Amino acid sequence: DVKVTQSSRYLVKRTGEKVFLECVQDMDHENMFWYRQDPGLGLRLIYFSYDVKMKEKGDIPEGYSVSREKKERFSLILESASTNQTSMYLCASGYRDYGYTFGSGTRLTVV
Amino acid sequence: SQQGEEDPQALSIQEGENATMNCSYKTSINNLQWYRQNSGRGLVHLILIRSNEREKHSGRLRVTLDTSKKSSSLLITASRAADTASYFCAPGLQGAQKLVFGQGTRLTINP
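Residues numbered from 1 in each chain as written. Chains lettered and ligands numbered in written order. Predicted model: local features only at pLDDT ≥ 70, side-chain atom pairs only at ≥ 80, totals over all residues. Heavy atoms only, no water.

(A) Just the pairing of strand E10 (residues 99–102) of chain A, in detail. Residue and element names in this part refer to chain A. Here four bridges tie strand E9 (residues 87–95) to E10, and the two strands are oriented antiparallel to one another. Bridging across to E10, Ser93 finds its partner in Thr101. Here E9 folds back onto E10 in antiparallel fashion, the turn holding three residues. (Pairing = 2+ DSSP bridges. Helix = DSSP H or I, 4+ residues; strand = E, 2+ residues; numbered from the N terminus.)

(B) Focus on the state of the cysteines. Applying the stated criterion to the full structure yields two disulfides over all chains. Paired through a disulfide, A:Cys23 and A:Cys91 show a sulfur-sulfur distance of 1.8 Å. Judged by the torsion about the S-S bond (-80 degrees), the A:Cys23/A:Cys91 disulfide is left-handed. With A:Cys23 in strand E3 (residues 19–25) and A:Cys91 in strand E9, the pair connects residues that are 68 residues apart, well separated along the chain. The burial state of A:Cys23 is the same as that of A:Cys91; both residues are buried. The partner cysteine of B:Cys23 in its disulfide is B:Cys89, sulfur to sulfur 2.0 Å. Handedness here is read from the sign of the S-S torsion; for B:Cys23 and B:Cys89, about 65 degrees, the answer is right-handed. In this pair, B:Cys23 sits in strand E3 (residues 19–24) while B:Cys89 sits in strand E9 (residues 85–93), placing the two residues 66 residues apart along the sequence. Note on accessibility: B:Cys23 and B:Cys89 belong to one class, buried. (Disulfide = S-S within 2.5 Å. Buried < 20%, exposed > 50% of the residue type's maximum accessible area, 1.4 Å probe, protein only.)

(C) Structural detail: the environment of B:Lys26. When you line up the elements, B:Lys26 lands in the loop between E3 and strand E4 (29–37). Between the C-alpha atoms of B:Lys26 and B:Glu5, which are 21 residues apart in sequence, the distance is 9.3 Å.

(D) Seen up close, the interface of chain B and chain A. Tallying the contact residues gives 25 residues for chain B and 25 residues for chain A. For the pair chain B and chain A, the two sides together bury roughly 1,900 Å², of which 47% comes from carbon and sulfur. If you look at where chain B meets chain A, you find zero salt bridges. Counting the contacts that link chain B with chain A gives 11 residue pairs in polar contact (both at pLDDT 80 or more). Within the residue set of the side of chain B that touches chain A, elements represented by two or more residues are E4, strand E5 (43–50) and E9 of chain B. The element best represented in the side of chain B that touches chain A is E4(B), accounting for five residues. In the side of chain B that touches chain A, the residues fall into nine nonpolar, 13 polar and three charged. (Contact = heavy atoms within 4.5 Å. Buried area = accessible area lost by both parts, 1.4 Å probe. Salt bridge = Lys/Arg side-chain N within 4 Å of Asp/Glu carboxyl O. Polar contact = N/O pair within 3.5 Å; in protein donor to acceptor, adjacent residues only side chain to side chain. Nonpolar A, V, L, I, M, F, W, Y, C, P; charged D, E, K, R; others polar.)

Honestly, that's just the spatial picture; any functional story needs more than this.
This is the structure:
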């Protein structure tokens, strides 16, 4: 089975810190995605990547950046964490025509 | 928005009953996918139905697709307590690799 691993289940960071959320997949997928999930708002796409060093903005990219230096790893970066970035972050990889595999999520709290 | 929109937002039924959730979308699709999310976890891919299919079964799951109405339904038969979760539909849009999700249907199975 495809595995998508997110480095942390829970994370607490201070306002203004630079935060890295890591995601690794083991099935050689070109496509990888970062979503955030908030009550009442569902899942919203932050960024996605079609291949190494390729990235595209999703619906809510402001305040975030991404890095894809290797095919298996897709990192989400909060340049200067703010309290409104407190959320559940979900990473996924896969293909539109076959389905996506999600990681277990990282619940980030910014204090 | 190109997201799938699930209806109802919440559904509560007795164990053993059938649960039906609906999804509407707005643009042309290659396929439509359903995912489940247990509380605080990542999403799990349940089933994918292609645009040229009308009905698909997987165990206790039955999915229908009506492309003329741009709608789909997910039926879970003989519900169990373990089916308690949120369910999301995700239209696989033509010309796009990304999946866009709605807010989901929160299903509660009462013993």
